[in-house]
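Spelled out, the chains give:
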Amino acid sequence: MKQQIVLDIHDRPSPVKWLALSIQHLFAMFGATILVPFLVGLSPAVALVSSGVGTLVFLLITRGQVPAYLGSSFAFIAPIISAKATLGPEQAMVGCFLAGLVYGIVALVIKGTGINWVMKLLPPIVVGPVIIVIGLGLANTAVSMAMNDADGNYSSQYLLVALVTLAITVICSVYFKNIISLIPIFIGIVGGYLFAYTQGLVSLKEVKEAPFIAVPDFYIPFVSYTPSISLGIILVMVPVAVVTLSEHIGHLLVLNKIVDRNYIEKPGLHRTVLGDGVATMLAGLMGGPPNTTYGENIGVLAITRVFSVFVLGGAAVIAILFGFSGKVTALISSVPSPVMGGVSILLFGIIAASGLRMMVDGQVDLGDKRNLVIASIILVLGVGGAHLELSEQVQIDGMALATIVGIILNLVLPKSKEQEAVTSEVEEVQENQKIS
C-alpha cells in the first residue's frame with residue numbers, strides 16, 4: 001500500500017508551513033553544498049546563490065513539474081582541485097561551464113532521437129549499483145563527520161552529538177504527526193545544534209562579527225578574469241559529466257517511484273537534463289561549483305511525502321537570500337560537523353537504499369551471472385575508490401570509473417535468451433513513449 005501524499009506537485013502550503021518545509025530542504029542540502037566549495041577553495045556564499053538560482057532555472061525549464069533541488073556536486077571535487085592546481089582557477093570555472101554544456105548537447109540529442117539509446121547505456125543493472133555507490137561513497141563522509149574531530153581523531157563527544165541528532169530526526173519522522181513529522185531533518189539539526197552547544201562545540205564568535213548583508217565573492221568571466229578554453233581543461237572536467245548524467249538519470253528514476261510519475265515521458269528527459277546543465281553553466285559563470293540534483297532532498301521527499309515544487313522553489317529563494325547574508329552564512333557554518341553527520345547517516349543511507357529499490361523495481365535478476373558480474377564490479381570499483389591515471393593531469397576515479405566500466409560491461413556481455421526477450425518488450429514500450 002502506497003503512502004498517502006501530503007502535498008502534491010502543485011499544492012501550495014500555508015505561509016508558515018511553506019517556510020518550515022522550505023527551510024527543511026535548505027538544511028538538507030546546505031551541509032554538502034557548502035562543504036564542496038570549502039574543499040575546492042571556492043566561496044560557500046556563491047555556492048548557496050548558484051544552487052538557488054540553478055534550482056529556480058531547473059523548475060522553470062521543467063515547467064514546474066519535477067520536484068528537485070540542485071546543489072554542489074561532489075563528483076567535481078577532485079577535477080576542480082586538479083584543474084586549479086595545474087591550470088588555474090579561471091580554467092577550472094571554464095571547465096565547469098563546459099561540463100554543463102555537455103548536458104545541453106545530450107538534451108538536444110535526446111530531443112531529436114528519443115530516450116532508447118540512453119536507457120540502453122544506463123539500464124537499472126547499471127544505474128542501480130551506481131546510485132548505491134553514490135550513497136555508500138558518501139557514507140564515509142557522514143560517519144567521519146559524526147565521530148571524528150577537526151584533526152581527524154576519534155571523539156566520543158562528537159559521536160554522542162551525532163547519535164542524539166539522528167535519534168531526534170528518526171523520532172520526529174516516525175512517532176510524530178502533523179508539522180513535526182513533515183520537518184524531521186530541520187528539527188533534528190536544530191535539536192542537535194542545541195545539544196552540541198551544551199557540549200561546547202558551537203562558537204558564535206564569527207556570527208557576531210559577520211555583517212548582516214554581504215555581497216558574495218562572485219568570480220565572473222570578462223569581469224574577474226578573461227576566459228579561455230584548452231584541451232587540458234576539457235580532458236579534466238568534461239568526462240565527469242558522464243558521472244553526473246548517470247546520477248541525474250538515477251535520481252530522476254527514483255523520483256518516478258517516489259512521486260509515482262513518469263518524468264522520462266513528461267516533461268521529458270531532455271528537459272530535466274537541460275535544466276541540470278543550464279544550472280551547472282550558471283554556477284560556472286558565477287564562480288561556484290557545478291550543480292546536480294540532490295539525493296539528500298530526494299530523501300526528504302521520501303520521508304515527508306511533500307512533493308510541492310513551491311516548497312523547493314521557496315528553498316531556492318531562501319538559499320539566495322542566505323548567500324547575501326553574512327550573519328546567516330556564518331550561522332550555517334557554525335553548525336558542528338557531528339550534527340550534519342547525524343542527519344547525513346539517514347539521508348545518505350536513503351540514497352543507497354534507493355539504488356536497491358531501483359534494481360528490485362526493475363526486476364534485475366542477480367541470479368543471472370551477467371547481472372551479478374556487472375553489479376559486483378560496479379560496487380567494488382566505486383566503493384573501493386579505484387582510479388585510472390591517464391596522465392599527471394587526467395584521472396578517472398571512483399564513481400566515474402565504476403560508471404564507465406558498468407556501461408561497457410552491459411554493452412559487451414552477452415544476454416541470455418530470456419533477457420533478450422525482456423529487453424525487446426521494454427524497448428517496444430519505450431518506443432511508444434518517445435519524447436514529443
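Within each chain, residue numbers correspond to sequence positions counted from 1 in written order. In keeping with the model being predicted, local features are shown solely for residues with a pLDDT of at least 70 and side-chain atom pairs are shown and tallied solely at 80 or more, while totals for entire chains, interfaces and linings include all residues. Side-chain descriptors were evaluated using all non-hydrogen atoms of the structure, hydrogens and water having been removed beforehand.

K.L.:
Explanation requested: the overall build of the chain in the structure shown.
P.N.:
We count a stretch as a helix when DSSP gives it H or I for four or more residues in a row; a strand needs E for two or more, and each element gets its number in order from the N terminus. Summing up its helical and strand segments, the chain has 20 helices and four strands in all. Computation of the radius of gyration draws on C-alpha atoms, with the globule rule given as 2.2 Å multiplied by the number of residues to the power 0.38. Relative to a compact globule of 436 residues, whose C-alpha radius of gyration would be 22 Å, the chain shows 21 Å and is just as compact. Once the C-alpha set of the chain is aligned to its principal axes, its extents read approximately 65 × 55 × 45 Å. A total of 436 residues make up the chain; the buried ones form 54% of that total. Considering only residue pairs separated by 6 or more positions, the chain has 82% of its internal contacts joining residues 24 or more positions apart. Looking at the chain, you have 22 positive and 25 negative side-chain charges, and the mean spots of the two groups are 9 Å apart. Burial classes: relative accessible area under 20% of the type maximum marks a residue as buried, over 50% as exposed, and values in between as partly exposed (1.4 Å probe, protein chains only). Between two residues, a contact is recorded if the distance between any of their heavy atoms is within 4.5 Å. Asp and Glu are treated as the negative residues and Lys and Arg as the positive ones, with His and the ends of the chain left uncounted. By convention, charge coordinates are those of NZ in Lys, CZ in Arg, CG in Asp, or CD in Glu.

K.L.:
Looking at this structure, how should I read the environment of T293?
P.N.:
For T293, the position within the fold is in strand 2 (residues 291-293). For T293, the contacting residues outside a window of four places in its chain are A68, Y69, L70, H248, H251 and D276.

K.L.:
How do you make sense of the pattern of salt bridges when you look at a structure like this?
P.N.:
Any two side chains of opposite charge can pair if their charged atoms end up close together. Basic side-chain nitrogens of Lys or Arg form a salt bridge, by our definition, when they fall within 4 Å of a carboxyl oxygen of Asp or Glu. Per the counting criterion, the structure on display carries one salt bridge. A salt bridge links D8 to R261; its shortest N-O distance comes to 3.0 Å. Within this pair, whereas D8 is found in the segment before helix 1 (15-40), its partner R261 is found in the loop between helix 12 (240-259) and helix 13 (264-286), the two being separated by 253 residues in sequence.

K.L.:
Could you clarify how one ought to interpret the side chain of T280 in this entry?
P.N.:
Looking at the element boundaries, T280 is found in helix 13. Overall, T280 belongs to the buried group, its relative accessible area being 3%. Of the polar contacts made by the side chain of T280, one reaches the backbone oxygen of N291; its length is 2.9 Å. If near-sequence neighbours (up to four positions away) are discounted, T280 is found in contact with C96, G100, P290 and N291. Counted as a polar contact is a pair of N or O atoms within 3.5 Å, where, for protein atoms, one must be capable of donating a hydrogen and the other of accepting one, and residues adjacent in sequence contribute only when both atoms are in side chains.

K.L.:
In this structure, what is going on with unusual backbone geometry? I would like to understand it.
P.N.:
Leaving glycine out, the prevailing phi sign among residues is negative, and the prevailing peptide bond configuration is trans. Each neighbour pair has its own omega, and for K266 with P267 the value is 10°, a cis peptide bond. For P267, the location among the structural elements is in helix 13.

K.L.:
Hey, could you run me through the side chain of S43 in this one?
P.N.:
Position of S43 relative to the elements: it lies in the loop between helix 1 and helix 2 (44-61). The buried category is assigned to S43, whose relative accessible area is 16%. From its side chain, S43 meets the backbone nitrogen of A45 in a polar contact 3.3 Å long. Apart from residues lying up to four places away in sequence, S43 is in contact with P37 and D217.

K.L.:
Is there a simple way to think about the nonpolar core in this case?
P.N.:
If you look at soluble globular proteins, the nonpolar side chains tend to sit buried side by side. Side-chain atoms within 4.5 Å are what join buried Ala, Val, Leu, Ile, Met, Phe, Trp, Tyr and Cys residues into a set we call a nonpolar core. If you look at the biggest cluster of nonpolar residues, it comprises 86 residues, and the most contacted ones within it are M29, F30, V126, I189, L255, L269 and V273. Sorting elements by how many residues they give to this core places helix 6 (residues 124-147) first, with 11 residues. For V273, the contacting residues outside a window of four places in its chain are Y103, V106, A107, I110, L245 and H248. Formed by 19 residues, the second largest nonpolar core is a distinct cluster that contains I77, M93, I233 and V236.

K.L.:
Help me out: how do you make sense of the confidence of the model for the chain in this one?
P.N.:
Along the chain, pLDDT gives the predictor's confidence residue by residue, from 0 to 100. Per-residue confidence for the chain gives a mean pLDDT of 85; residues scoring 70 or more make up 91%. This model gives residues 432-436 a pLDDT under 50, and the stretch forms 11 contacts once residues within four places in sequence are excluded.

K.L.:
Would you mind going over the packing of aromatic side chains with me for this structure?
P.N.:
Note on aromatic pairs: the rings of Phe, Tyr and Trp (six-membered ring only in Trp) are paired at centre separations within 6.5 Å, and the planes decide the class, stacked below 30 degrees, edge-to-face beyond 60, tilted for the rest. By the definition in use, this model includes three aromatic pairs. Their ring planes at 55° and their centres at 6.1 Å tell us that F218 and F324 sit as a pair that is tilted. Highlighted residues: F218 in the loop between helix 10 (205-209) and helix 11 (231-237) and F324 in the loop between helix 15 (309-323) and helix 16 (326-333), separated in sequence by 106 residues. Overall, the relative accessible area of 25% leaves F218 in the partly exposed class. Aromatic side chains Y219 and Y225 sit 4.8 Å apart centroid to centroid with 25° between the ring planes, which places their arrangement in the stacked category. Relative accessible area serves as the criterion here: at 23%, Y219 is assigned to the partly exposed category.

K.L.:
Even after reading the chapter, I still don't get helix 14 (residues 295-304), so can you show me in this structure?
P.N.:
Within helix 14, nine of the 10 residues are buried, leaving the element largely enclosed by the surrounding structure. Remark: R305 follows helix 14 within two positions and exhibits a positive phi of approximately 65°.

K.L.:
I keep staring at a nonpolar patch on the surface and nothing clicks. Help me out?
P.N.:
To count toward a patch, a residue needs a relative accessible area above 30% and no salt bridge. Like charges then connect within 9 Å, nonpolar side chains (Val, Leu, Ile, Met, Phe, Trp, Tyr) within 5 Å. Note on areas: Shrake-Rupley with a 1.4 Å probe; residue coverage comes only from the protein chains shown. A contiguous nonpolar surface patch, about 500 Å² in accessible area, is contributed by V170, I171, V174, Y175 and F176. Its location among the elements puts V170 in helix 7 (residues 156-175).

K.L.:
How should the packing of helix 18 (residues 369-384) against helix 19 (residues 398-412) be read in this particular structure?
P.N.:
The description of two packed helices rests on the angle between their axes and on the distance between the axes. Where helix 18 meets helix 19, the axes come as close as 8 Å, and the angle between the chain directions of the two elements is 165°. By the angle between their directions, the pair helix 18 and helix 19 is classed as roughly antiparallel. Pair helix 18 / helix 19 crosses with right-handed handedness. In this structure, helix 18 contributes R370, I374, I377, I378, L381 and G382 to the contact, and helix 19 contributes G398, A402, V405, G406, L409 and N410. A class-by-class count of the residues in the contact of helix 18 with helix 19 yields seven nonpolar, four polar and one charged. Each axis is a line fitted through C-alpha atoms, taken for helices only over the stretch in contact, and angles between the N-to-C directions span 0 to 180 degrees. Should an angle fall under 35 degrees it is taken as roughly parallel, and over 145 as roughly antiparallel, whereas 65 to 115 is taken as roughly perpendicular and any remaining angle as oblique. Left-handed describes a crossing in which the near helix is turned anticlockwise from the far one by less than a right angle; the clockwise case is right-handed. Any residue outside Ala, Val, Leu, Ile, Met, Phe, Trp, Tyr, Cys, Pro, Asp, Glu, Lys and Arg is labelled polar, Gly included; the first ten of those are nonpolar and the last four are charged.

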